[in-house]
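# Chains, contacts and geometry: an overview
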Amino acid sequence: AQKITQTQPGMFVQEKEAVTLDCTYDTSDQSYGLFWYKQPSSGEMIFLIYQGSYDEQNATEGRYSLNFQKARKSANLVISASQLGDSAMYFCAMSRALTGGFKTIFGAGTRLFVKA
Amino acid sequence: DAGVTQSPTHLIKTRGQQVTLRCSPKSGHDTVSWYQQALGQGPQFIFQYYEEEERQRGNFPDRFSGHQFPNYSSELNVNALLLGDSALYLCASSLGPQGANGYTFGSGTRLTVV
């Protein structure tokens, strides 16, 4: 069964420090995509970063990087130099290529608290 | 450049009624996916529309149906509402179904069934 697991319900980090949010996934597919989204208290989901299953290099987008370990089926998000505005829910998601379209499943999320 | 627009923002319905939610995708996007997000949980995939057809569907009953119009906008219809249908309904658009550049989400419609 396809599944995304985020084992950290909540995380605290000091402002300006780096933090790693864990994500493991379960799939028998060869081709899939991995995403991270941020959801502030306002409710809107904000796309952060994408990693394709065939991409050999880890994806980076500004202060965000995705630590992709395919053999371990993990796709951890690293946020460098945390800012107060990073406080939000973070969701890991996996998109599967199926006949005719794509299906995306989300994890339960990790709530990040950035301390001043 | 407008992002994804959803309407209405909030809605209260009575059990057994029917509801229609609307979504206008981001300019340049041709694919719309719908999600249900219960309080404190991750979004659950309902279905994806591309080229005016339902391309993929999650584990939702037939009471949930949708439509995509030639201008790429989309509707989500829910019949015979149950109390458990109360949730935030999110629409996401992308260029193509894969969404490798990320799905752009709207702010959602908060549906309350009483």
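Residues numbered from 1 in each chain as written. Chains lettered and ligands numbered in written order. Predicted model: local features only at pLDDT ≥ 70, side-chain atom pairs only at ≥ 80, totals over all residues. Heavy atoms only, no water.

### Focus: the overall build of chain B
- Looking only at helices and strands, chain B features 0 helices and 11 strands.
- Taking 114 residues into account, the globule formula puts the C-alpha radius of gyration at 13 Å, and chain B, at 13 Å, falls close to it.
- For chain B, the spread of C-alpha atoms along the principal axes amounts to about 35 × 25 × 25 Å.
- Partitioning the intrachain contacts of chain B with sequence separation of at least 6 by distance along the chain shows that 53% fall at a separation of at least 24.
- Working note: accessible area of chain B is about 5,300 Å², and carbon and sulfur atoms make up 47% of it.
- Averaging the coordinates of the 8 positive side-chain charges in chain B and doing the same for the 9 negative ones gives two points 11 Å apart. (Helix = DSSP H or I, 4+ residues; strand = E, 2+ residues; numbered from the N terminus. Rg over C-alpha atoms; globule rule 2.2 N^0.38 Å. Contact = heavy atoms within 4.5 Å. Areas by Shrake-Rupley, 256 points an atom, 1.4 Å probe, with all protein chains shown as cover. Lys, Arg positive; Asp, Glu negative; His and termini not counted. Charge placed at Lys NZ, Arg CZ, Asp CG, Glu CD.)

### Comments concerning empty space enclosed by the protein
- Using the criterion set out here, one finds 1 cavity of 30 Å³ or more in the structure.
- Of the pockets and cavities examined, the largest cavity occupies roughly 40 Å³.
- As for the largest cavity, its lining consists of A:Ser31, A:Tyr32, A:Gly33, A:Tyr50, A:Ser95, A:Arg96, A:Ala97, A:Phe102 and B:Gln98.
- A breakdown of the residues in the lining of the largest cavity according to their chemical character gives 4 nonpolar, 4 polar and 1 charged. (1 Å grid on protein atoms, 1.4 Å probe; cavity = no way out; pocket = protein on both sides within 12 Å on 5 of 7 lines; lining within 4 Å. Points joined across faces, edges and corners; volume = space filled by probe spheres on them. Nonpolar A, V, L, I, M, F, W, Y, C, P; charged D, E, K, R; others polar.)

### Focus on the environment of B:Glu53
All names here are of chain B.
- Turning to its location among the elements, glutamate 53 is positioned in strand S6 (residues 53–57).
- A relative accessible area of 45% means that glutamate 53 is categorised as partly exposed.
- Along the sequence, glutamate 53 and glutamine 68 sit 15 residues apart, while their C-alpha atoms lie 6.9 Å from each other.
- Once residues within four sequence positions are removed from consideration, glutamate 53 is found in contact with Gln48 and Gln68. (Buried < 20%, exposed > 50% of the residue type's maximum accessible area, 1.4 Å probe, protein only.)

### Topic: the state of the cysteines
- In total, this model carries 2 disulfides over all chains according to the counting rule given.
- Covalently, A:Cys23 is tied to A:Cys92 through a disulfide, its sulfur atoms 2.0 Å apart. Here the disulfide of A:Cys23 and A:Cys92 is left-handed, its torsion about the S-S bond being about -60 degrees. With A:Cys23 in the loop between strand S3 (19–21) and strand S4 (24–26) and A:Cys92 in strand S10 (residues 88–98), the pair connects residues that are 69 residues apart, well separated along the chain.
- Take A:Cys23: its relative accessible area is 0%, and that puts it in the buried class.
- B:Cys23 shares a disulfide with B:Cys91; S-S distance 1.8 Å. Across the S-S bond linking B:Cys23 and B:Cys91, the dihedral sits near -60 degrees, which makes this disulfide left-handed. Highlighted residues: B:Cys23 in strand S3 (residues 19–24) and B:Cys91 in strand S9 (residues 87–94), separated in sequence by 68 residues. (Disulfide = S-S within 2.5 Å.)

### Observations concerning the pairing of strand S12 (residues 110–115) of chain A
Residue and element names in this part refer to chain A.
- Burial along S12 is one-sided: the residues Thr110, Leu112 and Val114 are buried and none of Arg111, Phe113 and Lys115 is.
- Strand direction decides the pairing type here: strand S2 (residues 10–14) and S12, joined by 5 bridges, are parallel. Pairing of phenylalanine 12 across the sheet is with phenylalanine 113, part of S12.
- Relative to S12, S10 is paired through 3 bridges, and the arrangement is antiparallel. Counted as the bridge partner of tyrosine 90 is threonine 110 from S12. (Pairing = 2+ DSSP bridges.)

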